[in-house]
Structures are given as structure tokens and as C-alpha cells.
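Report on the structure
One-letter residues, chain by chain:
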Amino acid sequence: MAMTVKLKVWRQAGPGQPGKLVDYVADAVHADMSFLEMLDVVNESLIKRGEDPIAFDSDCREGICGSCGLVIDGIPHGPDKGATTCQVHMRRFKSGETITVEPFRAKAFPILKDLVVDRSAFDRIIAAGGYVSMNVGGAPDANSLPIPKDVADQAMDSAQCIGCGACVAACKNAAAHLFTSAKITHLGLLPQGEAERDRRVVRMVDQMDGEGFGSCSNEGECEAVCPKEISISNIARMNRDFLKAIVS
Amino acid sequence: MTPPVLSSSIGSKFLIALTGLFLFLFLVSHLAGNLLFILGPDAFNHYSHALISNPLILVAEGGLVAIFLLHVFKTVTIVVANRGARPERYAARKWAKSKNDRSRKTLSSTTMILTGTITLLFVVTHLATFKFGPYYETAEGIRDLYRLQTAVFSDPGYVAFYLVCMAVVGFHLWHGISSAAQSFGLDSPRWTPRILWVGRLLTAVITAGFALLPIFTFVAGRN
Amino acid sequence: MVLDSKTPVGPITDKWDRRKFENKLVNPANRRKFQVIVVGTGLAGASAAASLGELGYPVKVFGIHDSPRRAHSIAAQGGINAAKNYRNDGDSVYRLFYDTIKGGDYRAREANVYRLAQASVSIIDQCVAQGVPFAREYGGLLDNRSFGGAQVSRTFYARGQTGQQLLLGAYQSMMRQVDAGTVTLFQRREMLDLVVVNNQARGIVCRNLVTGELESHEADAVLLCTGGYGTVFYLSTNAVNSNVTAAWRAHKRGAFFANPCFTQIHPTCIPVSGDHQSKLTLMSESLRNDGRVWVPKTQGDKRPPAQIPDSERDYYLERRYPAFGNLVPRDVASRAAKAVCDEGRGAGDSGLSVYLDFADAIERHGADTIKARYGNLFDMYARITDENPYQVPMRIYPAVHYTMGGLWVDYNLQSTVPGLFVLGEANFSDHGANRLGASALMQGLADGYFVAPYTVANYLGGATLPPVAASHDAFGAARAEAQGRIDKVLRVKGKRTVREFHRAIGAICWDHVGMARTEAGLSGAIAQIRGLREEFWQDVTVPGEANNLNPGLDYAGRVADYMEFAEVLALDALERRESCGGHFREEFQTPDGEALRKDDEYSYVAAWEFKGVGAPPALHKEPLVFEEVHPTQRSYK
């Protein structure tokens, strides 16, 4: 059964240019379509009419690459919990409904076009210390250092971050604390990351601040939109590690 | 370069939490002292005299003002910076809490700057009313703050104003206490729910205590 | 041209050590004088860039995504094999080598596969040291599981996100080199041409996908790590932006394309729900450990599955393969599903799916146990299909998942263009005609961490590399050609969208170069592909302009390349008149319907040389010699 939805989509020609919400009607929408497939269909008809299609990022379309990210009716990644935009299906919406679609908004995520933003700030945060400094070839046997299962599981909880930036988009301060703390926690929990724990947290936080992200108001909206439901406990741990690092 | 503890986002929040903690401890002691009002004029006036006649009070007051101003200053700076982190607002905005109850966002957490500003204004009028208010003297020749308080809270309008202000302070603490714990980095799967719960309990106790006084004074004054 | 695999002589166990010793080295002080280009940031690209950066080579890295971490390696779920023998169950480097050769249906080069098995051991050490949070046991040591029918437990995993964690490990190592200044990132760039000067790869031309600008980057060696060509089928489990463009453009500059017909179809994917579908989602094949596969016995039986009594169900895998039952290899399970659907017995509205039923397993083990084993997969299925697999049998159908073919490389991973190295899924080398589960991640990382650093150094240390500037004529010519193609596709302004053409080429490939192939079908497909290519250039419509962010234009370039590539894909399938691994020719099957290999005629690598669009490519054969593992027919009865 076909549905019709009305869309209000943010259109912006390029970085720094003025943008506005433009109305579209998507008909012949199928309940089994993903939200992005619905946009594909809208774009097909725009192309056929000779109009500029709506630009948006997406790649794996199964919730792991972190490319997609739209603010759907005011919520990053839309209404489904623990899901990315590409995992939202049209059966979540009612026929005739109006849906507002905006890009992730943050000073540190400049809009490149329409719904496409530049999230390279995240890469620079990782480059500032989100790794274990070891060269290929120097690794000891993988089982030489036992790690308790609960510690490994907790590290994995943090390591699951897909770097989509929804945490920034949902935060009223456009803070990147959840992203940054997830990496700090992942590496900080493991013995392999212990040696540069202090240096890592200080450098990564410094880079994060320098990118123009805001600060944390401890509201946890980031955790609520996170497709992997990464806990703001990670942020507390980052705070602790940071304070410890600058005191010691 | 300023030390990262003062200028970083985490350091700033740490300072806000730390000053907030001091202000909270002040509230606790302030409430404890004020509750002596219930014991009658002698107890209350002797206590307040002991307090204001102590030469160290100037140091304490200065410290308190400094802490208060630092709390305000860091908060205002950070709010301005946070606004700058999202220059263009969303056209549609909805709390993510609506899709996932992992969010701790509340009306309290979204109005911190507003409740903080109201608290600041309240503190100014509060000081003007009491500390710099009319000087009554007891027969012993010490300041009769019991009389002042009785006079002030004989006006039902002022009682209402005061109660509203206490509600605002309570609103601020509702998010503030647990948020400070998070800023200090106090968190664990076992303790975080308890911290949240204790924060709210403390808020309720403090707010109820401060609300009790004007009501008690008003009722006692009419009898 | 004679294809020289440059495989070292001597016993298989010593070949790689011998090669490493014979290789030329580059003095640490001289390394910064060589510029290396890495295209692609998946497991192979990121690991190669990180290790070359650590050695001190200046490396430029190019990727089409906004961040290197988005490369499609991230989506691999199951795990990574390594011959650690932590389970004391008889695993060894030799056994992993043997299993891989056999699983590849004897169409891979023995020496490469042995080296892969050797490297597997170091990969796990490397990844653990990087902080990859592999699953562990209560004792704190690494957990292993058996995967894809292997008889030993050699698969390491990080929940259902092993690819993600391994990629993030490699990405982080690469970002460390970015911080150190050895690696420079160029994201949102698409390689449009390989620049060859004096028969050496000396750089690339790429398009800045944000500004539309064509850029020239010169280098002393170019490493292509750009993945496979699964999206030629339109629907696949690959990411929607995965493409063959970089490899194809290199092919047009002289790199041979090997065994393109070896494509892998994965049996447990969520079926197509309608025309709008943009990609297919894979579910771990571990589901077949407890699920029973069936279809109705009678054609056109459209009753809901619950109303079909057991006596009217055909558990066709258990019936046809009593020994392995529901656990037959991927290619066998996929073909069997296609066969029953072709008979008109498929499930669902489309008739293009089969049931994967957990009712017996739930009754035997309880719903809680099943939930503990497959909860995340069941949730994923329910989210996509809106059906509850605890109550209604799942519906599954095969989908294109991986491509074993790729650019031909020698033992050093160097293509037929000197200085052009090809790593990971983009090359053809290690999986033969069929890839075993949990081996793709292993190969990408082996190539990047443990092979390319040695062989690229050997090339740089031995080649004569006169300075080449980006102002060289070859760069200008390549830029002009790339610009010409962009202008041409924008000028057509026809009526059909790029997606429509992509769907059309995908349908041809799926129908005729998919799970079962025939002489007539393939010949017909080649004619259809040629026809479609003509139509594409006459009737495609591409939106927007060339000088800004225009995903529609990027897409057009990729589909245009598929219009050319699909022809060699079908041709290779036509010319390989045998069945092996993922390549099943209906004419060549045993009386029981199993793949019939013809080792005496087809035990070779088919490497195709480009001779112009529309002109038949030239076939070069690299004979495969089996000194260690003697080919036998697979049997899963």
C-alpha cells in the first residue's frame, strides 16, 4: 500500500551560503522503504524533472559506517532508538504526515551542501591521540596479556562508536564529548592503552575544544540518539581522566 | 597559555561544579542556622550575632562572593561559547528523550541559565532585604534579625515571592547536583543511579527546608 | 605477454622468508624521498598507509568518504581467521593454507595463500596490541569460534562487528601517522585515472568531490586498495558507493583484470522487498547452525508458513545433503535456494525467498537460548522486515557479497603496471573461486601490514624513478581525458536516470552472470550489455554541474565504468567452461547437480588485457601449479 508524505527539506547550495526549508511531496512511498530509499525515490523524480536532487551522505545502509545522519522532525537519526537514519523505515510514519529533514548542525560540522556536513573534526580528534602508539611488527603474542572479560566487554561497548556525529547534533551545546570520551574510554580501559592514557586525554580534549564544539551539560541527549547507545558514563570517565592527568 | 584546567571545556565545567558544590554546602549551613528561628528569638539572634560579630566572617563572605562570581562568570562564558558552537538553530527541535529514555534531560536541565539568573537576582534582593535591611536591636544590644524576619514575612505577597524563588533554586539544584557529580567524573554503573537519586533527595530537603521558614514565620507572626 | 607470478622457489614454508631476504631495502634516511600513494582506506589501504608511514615513507591517502573510517570493511560482521591454534584442536598454518586452497576450489596461487596463513598469526598480535577489543573468555584470554563450516575454532571476533573494530584499529594507526606528519589524508576524492610514465605508475588524477576540481598527485608507487565490484549487480550487500572505478581505470592503463567471474553469493540475506530497494542486508550465516531451510513442496503454495504442515514442507538442504544438511557451503546453499525458487516454490509475495525456520530450535533449546545466540540478528531482521522471527520463520535469499576476482598481481602484489600494487579485495590473489568465511579481513590486513611494506620497498629500492612533476604531459592528458568523460556524461541530457541504468545492468548480471550461468545466457548478456552501454551514452540524464558537490555525477561515472566492466565479467564467465566455487555453469555439473571442475583445461588464472572499449580484451593465462594440495572434487553429501 502506497503512502504519501510531505517533506520539508533543508536545501543549501554550498558552505556558508544561506539555506532554507523546501517543500516536497513523496508519493508512492512503500512502508518497507527505508527513509533513505524514500529520499532516493524523491531524488529520482527531481532528476527526471531536471531539478537538483537532494544531497545527503550514506553508504553501508545497515547502520555501521556512520555516513548517514539526518535530523528527522527535530531528532538526529529520527524516531527509532538505537538506530541510524538508514535503519529508519517509512512504516514509522503515517500517510499524509509532514516530516522536517535537516542536516546535523554545529559550527564544527560545516554544511557542504543540503544535508551533507563535514565531520573531519572527528578525524582530527582521533589524530590527536585516539590510538595506541605501536608500530607494526613489535606486537607480543596476543594472549601474553590476559584482559578480564568484563573489562574487554566494557571497552567494546565504547569502541562500538560509529563516528556518525549524532551526539553532537543532539547536544544543545553541539558538544563532542560522547564521541571523544568513547575513544578515550575504549583505549583507557585496556592495558595496551594505559601507557599514554594521560597524554591521550589531554591532547584529545584540547583538539576537541579547538574544533569549536561546545561543552557538556550532562543532559544525556547524546546517549539517547546514539545508534549504539553509548553511555555518558564515558564522559564522566573522560572528565576523571582529564582532571587526573592535569593534576598529576 | 592558560592552564588547561581553567580554559578547557572540562576544566570549566569542573570549576562550575566545584563552586556549585561550595554554594550548595553554604546553603546547607545557611539552612541549618536559619532553622534556629523555630526555637525562638533568643536562639536565633544569638546565633546570628555570633556569626556576624566573628572577624573571620569578612573573609568567609569575601570567599563566598568570589565563589559565587566565579560560578556566574564561568557559566556565562560557557553558555556564550555553547551558543557559538551552533550558530544556526534547528527549525524543528524535539527532545531525544522522546525516543529513548536514556536521556537525563529535564525542564530543570534545560533552564539552568534561567534559574541561575533568577537566583542571582534573588540573592541581590535577599541581601538587600536582610543583610542590608532595617537594623533592629534587641534589649541586649545585638541585631534583632528575628524581628526583621518576622516583619518581612508578615507580608503574604513577599512569602509567595520567596516561595517561588525557593522553587527556582530547587529547580536549579535538581539538575545541578547530579550534573556536578558527572563533571567531577563520579560515575559507575552501580553508583550513578544512586547519585541521581541522592541529588534529587537533597534538593527536595533543602528546598522544603527553605520553604518551611517563610511559611512558619508567617503563621507564627499571625498568632 | 607471459605472466610471471614471481613466486620464489623452494619449499612452500620458506618462500616468503626467502623473498623477504632477497628483497632490496631502502635506507631509513632515504625513505622520505619516495612518495607513495594509497587509494582506499579500508583494511588494506589503512593498514598499508599506517605501516608505510611508520617506516618513514611520505604517504598520500585518498578516499571517497568523508572520513577514512567509513570504508566498507567496517561492515564485516563475523570474524577473522588466524592459525593460532589457541584451542589445541589441531590447527596450524598449513591447515589454514590447505582449507583456503580447497575452499577456493583450487583456483588460487598456493604460495600466496601460504603466506596469507603465515601472516594471519601476526595479524592477531598486531590488532590486540592496537587495542582491538576482541571477545575474551573469563580467564582473560582470547575467545575463538568455528566459522563457516571449519572443523577447527580459529575465528577471532569482536561481537558482530569484527570488521568495524579491525578497521578502526588500522584507521587509528593511520591517524597516528597523520599526526606524525608521514601520512596526508585526501578525503572526498575519487581516483579517476592512473598516470603511467615510461611504463611505471607515477601518480593519479582524482576529483575533489566537494569542489569538482581535478587534481594531479605524483608518486613513486601507487597502491590500489579500493575493494571489489559487487555493486555491478546493483543489489548486493556492499555499500551503495562501493565501485570498480579506480580498478577499472587502472585496468584501462594496462593492469590486467583477473578472474572477474569469481563472485560470491551469500545465502543468508534479507530478501528484496520491492523496486525501491537500494541494498541488501546480510545476516551471519551462523543462523544456519540452528535454523532449518525449507520451501513448500507444491508450486505456488501461498499459504502462510504456519498453515503448511510438516508433511508438505521440503527441507531441501537436509534432503539433498544428508551429511552437511543446512550447513553446506555458501555457494551450494545459494544455488539450492535459487533452484527451488525457479521451480515456483519460493516463499513470500515475490516468490524469491526461502524459509529459515527456528521453530524446532526454539522448542528444543527455548526462546531464551536462541535469543542469546542470535538476538541481535533477530532484532535486525525484525527492524527491516517488520516480522517477528521468533514466531514466523525468517525469509532469506542469496545476495552478492564478495568478489574474488580483481586486478591481477604477482606474488609481490604488483600488477602488470610496474609500481602499481593492488591490495585486499581489489586484487584477485588469495581466495581462488570461492572465499571462506572470516578470510576477507585476514587478507586485507595481511596485504597492508605484512606484505606491501616489504614488496613496495623492494620496488622503490630497485626501480629507476626519474623525477616526474604534476606538470608532466601524462598528467595533463589524464586530466583532460577525465574532464572529457565528465563533460560528455553531463552533455547527454537524456531521459533515463543513472539509477535506472544501474538497475538494468545489475539485472542483466544477476540473471545471467549470477548464481547459475549458461553459454547462451552469457552470450546474450554480452550483447545486452553492449546495447545498454550504447543507450547509456545516448539517454542518460545526470543532474547538476561538474564544479561542486554532485553525488549524481559521481554515481554516473561509476555506472559508466560498470557498463564497460560488465562485459569482461560476462566474457570471463563465458570463457571458463567449467564450474568451480562461485562460478557455476549449468552445462558443467555432476549428475547430482554439483559443480564439475575441469582441472586439466581450466587450472589457470584468466587475466584480461584491455584493448579498447567494445574491442575484445586479450586473455592471458597464468597456469596454476599445485605442489602441496592435490585437487579433489568437493563433496558435502
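Starting from 1, residues in each chain are numbered consecutively following that chain's sequence as written. Lettering for chains starts from A, numbering for ligands starts from 1, and both go in the order in which the items are written. Residue-level local features of this predicted model are given only where pLDDT is at least 70; pairs of side-chain atoms are given and counted only at 80 or more, and the full residue set underlies all totals for whole chains, interfaces and linings.

1. Re the overall build of chain A
The criterion, for reference: A helix here means a DSSP run of H or I that spans at least four residues, while a strand means a run of E at least two residues long, and both kinds are numbered starting from the N terminus. For every residue, the other C-beta atoms within 10 Å of its own C-beta are counted; 20 or more classify it as buried, 12 or fewer as exposed, and values in between as partly exposed. C-beta atoms are placed from the backbone.
A count of helical and extended segments in chain A gives nine helices and seven strands. Along the three orthogonal principal directions, the C-alpha set of chain A runs to about 60 × 35 × 35 Å. Across the 248 residues in chain A, those meeting the buried criterion constitute 62%.

2. Quick notes on the overall build of chain B
Looking only at helices and strands, chain B has nine helices and zero strands in total. Secondary structure elements of chain B occur, N-terminal to C-terminal, as α-α-α-α-α-α-α-α-α. Each of the three principal axes of chain B carries a C-alpha extent, and together these read 60 × 40 × 35 Å. Within chain B, the proportion of its 223 residues that are buried is 30%.

3. Considering the packing of helix α2 (residues 9-34) of chain B against helix α9 (residues 192-222) of chain B
Residues and elements named next belong to chain B. Put simply, the test is: Helix axes use the C-alpha atoms of the stretch in contact, all axes being lines fitted to C-alpha atoms, and the angles between their N-to-C directions lie in the range 0 to 180 degrees. Should the near helix be turned counterclockwise from the far one by less than a right angle, the crossing is left-handed, whereas a clockwise turn marks it as right-handed. In this description, any two residues whose backbone-derived C-beta atoms lie within 7 Å of each other are considered to be in contact. Each residue is assigned to one class: nonpolar for Ala, Val, Leu, Ile, Met, Phe, Trp, Tyr, Cys and Pro, charged for Asp, Glu, Lys and Arg, and polar for all the others, Gly among them.
Taken N-terminus to C-terminus, the directions of α2 and α9 make an angle of 35 degrees; their axes are 10 Å apart at the nearest point. Every pair of crossing elements has a handedness; the one defined by α2 and α9 is left-handed. Here L27, V28, L31 and N34 of α2 lie close against α9, whose contacting residues are I206, G209, F210 and L213. A class-by-class count of the residues in the contact of α2 with α9 yields six nonpolar, two polar and no charged.

4. Overview of the interface of chain C and chain A
On the side of chain A, 63 residues touch chain C, which itself brings 62 residues to the contact. Secondary-structure elements contributing two or more residues to the side of chain C that touches chain A are α2 (43-55), α4 (110-130), α5 (162-180) and α15 (551-575) of chain C. It is α5 of chain C that provides the largest number of residues to the side of chain C that touches chain A, a total of nine residues. Grouping the constituent residues of the side of chain C that touches chain A by class yields 21 nonpolar, 27 polar and 14 charged.

5. Notes on the interface of chain A and chain B
Taken together, the contact between chain A and chain B spans 43 residues of the former and 40 residues of the latter. At the level of elements, β5 (98-102), α7 (197-210), α8 (221-225) and α9 (233-247) of chain A are the ones that each hand at least two residues to the side of chain A that touches chain B. Among the elements that take part in the side of chain A that touches chain B, α9 of chain A stands out by supplying nine residues, more than any other. Residue composition of the side of chain A that touches chain B, by class: 18 nonpolar, eleven polar and 14 charged.

6. Notes on the nonpolar core
Cut-off, in case you're wondering: To form a nonpolar core, buried Ala, Val, Leu, Ile, Met, Phe, Trp, Tyr and Cys residues must be joined through C-beta atoms within 7 Å.
In this structure, L223, L224 and L407 of chain C are the most contacted members of the largest nonpolar core, which totals 307 residues. Setting aside anything within four residues of it in sequence, one finds L407 of chain C in contact with L224, A247, A250, H251, A255, F257, A258, S415, V422, A426, N427 and F428 of chain C.

7. A look at the sheet that holds strand β1 (residues 2-12) of chain A
All names here are of chain A. Rule in force here: By the convention used here, strands pair only if DSSP detects at least 2 bridges between them.
Read across the open sheet, the five strands follow the order β2-β1-β5-β3-β4; overall the sheet is mixed. Across the chains shown, the open sheet's two edge strands, defined by having one partner strand only, are β2 (19-30) and β4 (75-76). The strands touched by helix α1 (residues 35-48) are β2 and β3 (71-72); relative to β2, the strand with the most contacts, the crossing angle is about 100 degrees.

8. Concerning the pairing of β5 of chain A
All names here are of chain A. Counting buried residues in β5 gives four out of five residues, a clear majority hidden from the surface. Note: β1 against β5, four bridges, orientation parallel. Counterpart to V9 in the pairing with β5 is V101. Taken together, the two bridges between β3 and β5 define a ladder with antiparallel strand orientation.

9. Section: the packing of helix α13 (residues 498-512) of chain C against α15 of chain C
Residues and elements named next belong to chain C. How we decide: We call two directions roughly parallel when the angle between them is under 35 degrees, roughly antiparallel when it is over 145, roughly perpendicular when it lies between 65 and 115, and oblique otherwise.
Axis separation between α13 and α15 bottoms out at 10 Å; the angle between their running directions is 20 degrees. One finds that α13 runs roughly parallel with respect to α15. With respect to the hand of their crossing, α13 and α15 are arranged in left-handed fashion. Contacts between α13 and α15 involve V498, F501, H502, I505, C509 and H512 from the former and G552, Y555, A556, V559, Y562, M563, A566, L569 and A570 from the latter. The class makeup of the residues in the contact of α13 with α15 is twelve nonpolar, three polar and no charged.

10. Focus: the pairing of strand β12 (residues 292-296) of chain C
Two faces, one strand: in a regular strand the side chains alternate between the faces of the sheet. Residues and elements named next belong to chain C. Across the five residues of β12, four count as buried, placing the element largely inside the fold. Sheet topology places β12 next to strand β13 (residues 313-314); two bridges connect them, and they run antiparallel. Residue P296 lies in a different strand from β13, and its bridge partner there is R313.

11. Thoughts on the domain arrangement of chain A
Interface extent is often summarised as the accessible area lost during association of the parts. Residues and elements named next belong to chain A. Note the following rule: Where each domain starts and ends follows an automatic or database-derived domain assignment.
Here the domain parsing of chain A yields domain 1 (2-102) and domain 2 (120-134 + 146-247). Here the C-alpha centroids of domain 1 and domain 2 sit 29 Å apart. Across the contact, twelve residues belong to domain 1 and ten residues belong to domain 2. For the side of domain 1 that touches domain 2, the class distribution of residues is six nonpolar, six polar and no charged.

12. Here's the deal with the sheet that holds strand β17 (residues 420-422) of chain C
Residue and element names in this part refer to chain C. Reading across the sheet, the five strands line up as β5-β2-β1-β9-β17 and stay open at both edges, with parallel pairing between neighbours. Of all strands in the sheet, those bounded by a partner on one side alone are β5 (183-186) and β17. Neighbour-to-neighbour, the strand axes of the sheet open up by a mean angle of 20 degrees, direction not taken into account.

13. With respect to helix α14 (residues 519-539) of chain C
Residue and element names in this part refer to chain C. Quick reminder of the rule: Here, expected helix span is obtained from the residue count minus one, scaled by 1.5 Å.
When the terminal C-alpha atoms of α14 are compared, their 30 Å separation across 21 residues agrees well with the 30 Å that a helix rising 1.5 Å per residue should span. Along α14, the positions that sit buried rather than exposed are G521, L522, A525, I526, Q528, I529, R533 and F536. Where α14 is buried, its residues touch α13, β19 (540-541) and α15.

14. Some points on unusual backbone geometry
Of all residues except glycine, most have a negative phi; of all peptide bonds, most are trans. Residues and elements named next belong to chain C. You will see that N88, though not glycine, has its phi angle at about 60 degrees, which is positive. With respect to the helices, strands and loops of the structure, N88 is situated in the loop between β3 (80-81) and α3 (93-103). Of the residues examined, N88 has 8 C-beta atoms within 10 Å and is grouped as exposed.

15. Considerations on helix α3 (residues 149-159) of chain A
Of the residues making up α3 of chain A, those classed as buried are A152, Q154, A155, M156, D157, S158 and A159 of chain A. Those residues of α3 of chain A that are buried lie in contact with α5 (177-189) and α9 of chain A together with α5 of chain C.

16. Quick word on the environment of A247 of chain C
Residues and elements named next belong to chain C. Along the polypeptide, A247 turns up in helix α6 (residues 245-252). The class of A247 is buried, set by 29 C-beta atoms lying within 10 Å. Counting along the chain gives 294 residues from A247 to T541, while the straight-line C-alpha distance between them is 25 Å.

17. Let's talk about the confidence of the model for chain B
Cut-off, in case you're wondering: pLDDT is defined as a per-residue confidence score from the predictor, taking values between 0 and 100.
Predicted confidence across chain B gives a mean pLDDT of 94, with 98% of residues reaching 70 or more. Taken over the whole predicted complex, pTM reads 0.97, whereas the ipTM for its chain interfaces reads 0.98.

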